[in-house]
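# Structural description and commentary
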Amino acid sequence: MTEDLDHRFSCLTWDQIKILDQVLAEAIPIHGRGNFPTLDVKPKDIIRVVKEQLIEKQINVRDIRLNGSTASHILVKQNGTSYKDLDIIFGVELPSELEFQVVKEAVLNCLLDFLPKCVNKEKITAQTMKDAYVQKMVKVSTDHDRWSLISLSNNSGKNVELKFVNSLRRQFEFSVDSFQIILDSILNLYRATDCKLAEDSHPTVIAESMYGDFNEAMDHLKYKLISTRNPEEIRGGGLLKYSNLLVRDFKPADEAEIKSLERYMCSRFFIDFPDVAEQQRKIESYLRNHFIGEEKSKYDYLMTLRGVVNKSTVCLMGHERRQTLNMITILALKVLGEQNIIPNAANVTCYYQPAPYISDRNFSNYYIAHGQPTVIYQPYPFHIQMQSSMV
């Protein structure tokens, strides 16, 4: 291994290997739709079955890795890092569309093995299993990126995500989620029935930081620091993840640099999601997937996101920027409404289109109570502006 590559890798300690073993051995429920039963799936079992199916179908598997927040949780559990999705990467060869289809059918057929023995599997098709257990499927096939994703449903948000990667230019958003743990050595141990995992006889398990410098990325993870490179390369700019890190008390590693990076994040987000309706769908989807069981954090997240957009957006026209800020504010107020929480009115200014008769100069039959925030009429559609003290 050359010196240039060596700094990207590190071996797991025995304590980290024990946590990895616990994660791979923990049964995760895959919830079925309709009358389909819940499947209790251990990650190490579904990885083994999927790999066997791929090899049987003559799909070359280079390696298997644990990615993202789960890998971060294993490496630095003591600082309270948690994970939701279990993100497993199969390094495979996908030279044509045929291989994409073979991979999809292999995964769906594997799910049949986890159905209860009492279920008659003969008439259950791959399409039926997809409709019952798959939350989402993604396929990307471009000159630079060739990969597919199959996400299995879990009602608590702990989805098992199986990603099959031929090539992927950008494999991380921030340094703290850039870790990948190479699983092949521990998976081989599970297959050897005469071997047991023990401190004096365990395999060497290697982790890699896709950010580049493993030790630097580990410091960022330990001390809850935010760092990235070229956010304009990330779909969505990493803006939503960045706001999530901020609301979880992560701090920028470099305060001066982050101001520039925020502008790139916002610019890329609005390039990928130029329409306000698209932006809203993306934000709502992010809230659903990343704040399950954390309803009270949604408001703080949205106001943090709004603060970043308000401060660092330089690529939008004035009215476009106001529309986006309005949308985020209304989502935040909706979250408060769902929680039966009323914000302090002193921090809210409402702008909306007045009724036609207001333009009559002789009309003055309205009343503003003393000590209340002034209602300001402006000739543009409904707008709610949160003061900076709320961010």
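Scroll up a little and you will see the structure.
Because the structure is predicted, anything quoted here is derived from the model rather than measured. (Residues numbered from 1 in each chain as written. Predicted model: local features only at pLDDT ≥ 70, side-chain atom pairs only at ≥ 80, totals over all residues. Heavy atoms only, no water.)

## Examining the overall build of the chain
A tally of helices and strands in the chain yields 13 helices and 15 strands. The buried share among the 391 residues of the chain stands at 45%. Long-range contacts, defined as pairs at least 24 residues apart, comprise 71% of the intrachain contacts of the chain with a sequence gap of at least 6. A total accessible area of about 20700 Å² is found for the chain, and carbon and sulfur atoms account for 48% of it. (Helix = DSSP H or I, 4+ residues; strand = E, 2+ residues; numbered from the N terminus. Buried < 20%, exposed > 50% of the residue type's maximum accessible area, 1.4 Å probe, protein only. Contact = heavy atoms within 4.5 Å. Areas by Shrake-Rupley, 256 points an atom, 1.4 Å probe, with all protein chains shown as cover.)

## As for the packing of helix H2 (residues 14-25) against helix H3 (residues 43-56)
A packed helix pair is summarised by two numbers, namely the angle formed by the two axes and the spacing between the axes. Relative to each other, H2 and H3 sit at 70°, their axes nearing to 5 Å. It follows that H2 is roughly perpendicular to H3 by the angle criterion. On H3, the residues touching Val-23, Leu-24 and Ala-25 of H2 are Pro-43, Lys-44 and Ile-47. For the contact of H2 with H3, a count of residues per class yields five nonpolar, no polar and one charged. (Axes fitted to C-alpha atoms, helices over the stretch in contact; angles between N-to-C directions. Parallel < 35°, antiparallel > 145°, perpendicular 65-115°, else oblique. Nonpolar A, V, L, I, M, F, W, Y, C, P; charged D, E, K, R; others polar.)

## Topic: helix H11 (residues 276-290)
Between the first and last C-alpha of H11 there are 21 Å, a value that for 15 residues agrees with the 21 Å anticipated at 1.5 Å per step. Taken together, the buried positions of H11 are Gln-279, Ile-283, Tyr-286 and Leu-287. One side of H11 holds all its buried residues, which, seen down the axis, span an arc of 100°. For H11, the exposed residues set more than 90 degrees away from the buried face come down to Arg-281 and Arg-288. One side-chain oxygen at the N-terminal end of H11 lies 2.9 Å from the backbone nitrogen of Ala-277; it belongs to Asp-275. (Expected span 1.5 Å × (residues − 1). Arc of directions from axis to C-beta. Polar contact = N/O pair within 3.5 Å; in protein donor to acceptor, adjacent residues only side chain to side chain.)

## Points about the nonpolar core
Core analysis: the largest hydrophobic core is formed by 98 residues, its most contacted members being Leu-20, Leu-54, Phe-90, Phe-164, Ile-181 and Leu-183. Here this core gets nine residues from one element, more than from any other, and that element is helix H5 (residues 97-112). When sequence neighbours within four positions are dropped, the list of residues in contact with Leu-20 reads Leu-12, Leu-66, Ile-74, Ile-181, Leu-183, Ile-186 and Val-205. (Core = buried A, V, L, I, M, F, W, Y, C linked by side-chain atoms within 4.5 Å.)

## Details of helix H12 (residues 295-312)
For H12, spanning 18 residues, the distance from its first C-alpha to its last is 26 Å, which sits close to the expected 26 Å at 1.5 Å a residue. The set of residues buried in H12 consists of Lys-298, Tyr-299, Tyr-301, Leu-302, Met-303, Thr-304, Leu-305, Arg-306, Gly-307, Val-308, Val-309 and Ser-312.

## Some words on the sheet that holds strand E4 (residues 61-67)
One open sheet holds the eight strands; their spatial order is E1-E10-E9-E4-E5-E8-E7-E6, and the pairing between them is mixed. Edge strands, defined here as strands with exactly one partner in the open sheet, are strand E1 (9-11) and strand E6 (134-141). With direction set aside, neighbouring strand axes in the sheet form an average angle of 20°. Across six bridges, E4 lies against strand E5 (residues 86-92) in antiparallel orientation. Residue pairing across strands places Ile-64 opposite Phe-90, the latter belonging to E5. (Pairing = 2+ DSSP bridges.)

## Here we look at the pattern of salt bridges
If you walk through the whole model with that rule in mind, you get 16 salt bridges. Here Arg-8 makes a salt bridge to Glu-208, at a shortest N to O gap of 3.0 Å. With Arg-8 in the loop between helix H1 (3-6) and E1 and Glu-208 in strand E10 (residues 206-209), this pair connects stretches of sequence that are 200 residues apart. The pair Arg-8 / Glu-208 is uniform in exposure class, with both members buried. For Arg-169, the salt bridge is made with Asp-145, and the minimal N-O distance between the two is 3.9 Å. Highlighted residues: Arg-169 in the loop between strand E8 (160-167) and strand E9 (179-182) and Asp-145 in the loop between E6 and strand E7 (146-152), separated in sequence by 24 residues. Owing to a relative accessible area of 61%, Arg-169 belongs among the exposed residues under this scheme. Taken together, the shared-partner salt bridges in this structure form one network comprising Arg-8, Asp-63, Arg-65 and Glu-208. (Salt bridge = Lys/Arg side-chain N within 4 Å of Asp/Glu carboxyl O.)

## A few points about the packing of aromatic side chains
Two measures describe an aromatic ring pair: the distance that separates the ring centres and the angle between the ring planes. Tallied over the full model, the rule gives nine aromatic pairs. Look at Phe-174 and Tyr-242: their rings are 6.2 Å apart centre to centre, the planes differ by 20°, and that puts the pair in the stacked class. With Phe-174 in the loop between E8 and E9 and Tyr-242 in helix H9 (residues 239-247), the pair connects residues that are 68 residues apart, well separated along the chain. With centroids separated by 5.0 Å and ring planes inclined at 50°, the aromatic side chains of Phe-291 and Tyr-301 adopt a geometry described as tilted. Linking Phe-291 in the loop between H11 and H12 with Tyr-301 in helix H12, this pair joins segments that are 10 residues apart in sequence. (Phe/Tyr/Trp six-rings, centres within 6.5 Å; stacked < 30°, edge-to-face > 60°.)

## Looking at the pairing of E9
Residues Phe-179 and Ile-181 line one face of E9 and the alternating positions Gln-180 and Ile-182 line the opposite face, and both faces are buried. As defined by bridge partners, E4 adjoins E9 across three bridges and the pair is classed as antiparallel. Paired with Leu-66 across the bridge in E9 is Ile-181. Judged from the three bridges that link them, E9 and E10 form a sheet pairing that is antiparallel. Bridging across to E10, Ile-181 finds its partner in Ala-207.

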